[in-house]
Amino acid sequence: MKKLVIYNHGKDSIPWGEKTLQFADVAKHYGYAFESPDYREQLDPDKRAGQLLAMDLSGYDEIVLIGSSMGAYVATVASASIKPKGLFLLAPAFYLPGYRQTEFKPTAEEIRVFHGWRDDIVPPENAWRFCQSYRVRLNMYDTDHRMLSVMPQLSDEFSRFLAGLKEQAI
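Residues numbered from 1 in each chain as written. Predicted model: local features only at pLDDT ≥ 70, side-chain atom pairs only at ≥ 80, totals over all residues. Heavy atoms only, no water.

J.: Outline the pairing of strand β6 (residues 137-141), supporting the account with residue identities and numerical values.
T.: Inspection of the sheet shows strand β5 (residues 110-116) paired to β6 by five bridges, in the parallel sense. The partner of G116 across the bridge, within β6, is Y141. With helix α4 (residues 124-134) bridging β5 and its parallel neighbour β6, the resulting β-α-β unit is right-handed. (Pairing = 2+ DSSP bridges. Helix = DSSP H or I, 4+ residues; strand = E, 2+ residues; numbered from the N terminus. Right-handed = clockwise from strand over helix to strand, strands pointing away.)

Take a look at the structure:
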């Protein structure tokens, strides 16, 4: 079975930053290939979702989407078409000015959302609103928008997330 994790970076981030590298290590441990598209030339979140949807994913049996901030919005919007096995969302940029979609069709067998109490870019209540609307588990951490201070915990969470997907397949 060919499995792929796609990391979708945020508005002002890079495709292969600190978070990406740590999640790639976890994904590889579970036998996943790992991609991180470069969205830096595209500032429109919906066009970024189109860029993700334009990827050829036909060779994969299982896909997991990770998204950070704008990348979480991108992953969630694209999930309606890609239908990934899992959505792993960090500080999702939901319900912000300039983001066209405010109603989502998050399509995945497992969805987890992680947000920081001290996020001054995307208010924590936006994550709560999304999770409440779609009955999704929300994990809050005492951190800021970038969430770098809790990367060890997020790596552990991602490892448990992928292990849980594997158990479901058995």
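J.: Got a sec to walk through the environment of T76? Specific residues and values, please.
T.: Mapped onto the secondary structure, T76 falls in helix α3 (residues 70-82). For T76, a relative accessible area of 1% gives the class buried. For the pair T76 and T107, spaced 31 residues apart in sequence, the C-alpha separation works out to 7.7 Å. Excluding residues that lie within four positions of it along the chain, T76 makes contacts with L87, L89, F94, F104, K105, P106 and F130. (Buried < 20%, exposed > 50% of the residue type's maximum accessible area, 1.4 Å probe, protein only. Contact = heavy atoms within 4.5 Å.)

J.: Can you tell me about unusual backbone geometry, naming the residues and giving the values?
T.: Despite not being glycine, S69 has its phi angle at roughly 60 degrees, a positive value. By the element assignment, S69 lies in the loop between β3 (62-68) and α3. One non-glycine residue, K83, lies in the positive phi region at around 55 degrees. In this fold, K83 is placed in the loop between α3 and β4 (86-90).

J.: Residue-level account of the side chain of H9, with values.
T.: The residue H9 is located in the loop between β1 (3-8) and α1 (18-29) in this model. If near-sequence neighbours (up to four positions away) are discounted, H9 is found in contact with I14, P15, P37, D38, Y39, R40, R48, S68, M70 and G71.

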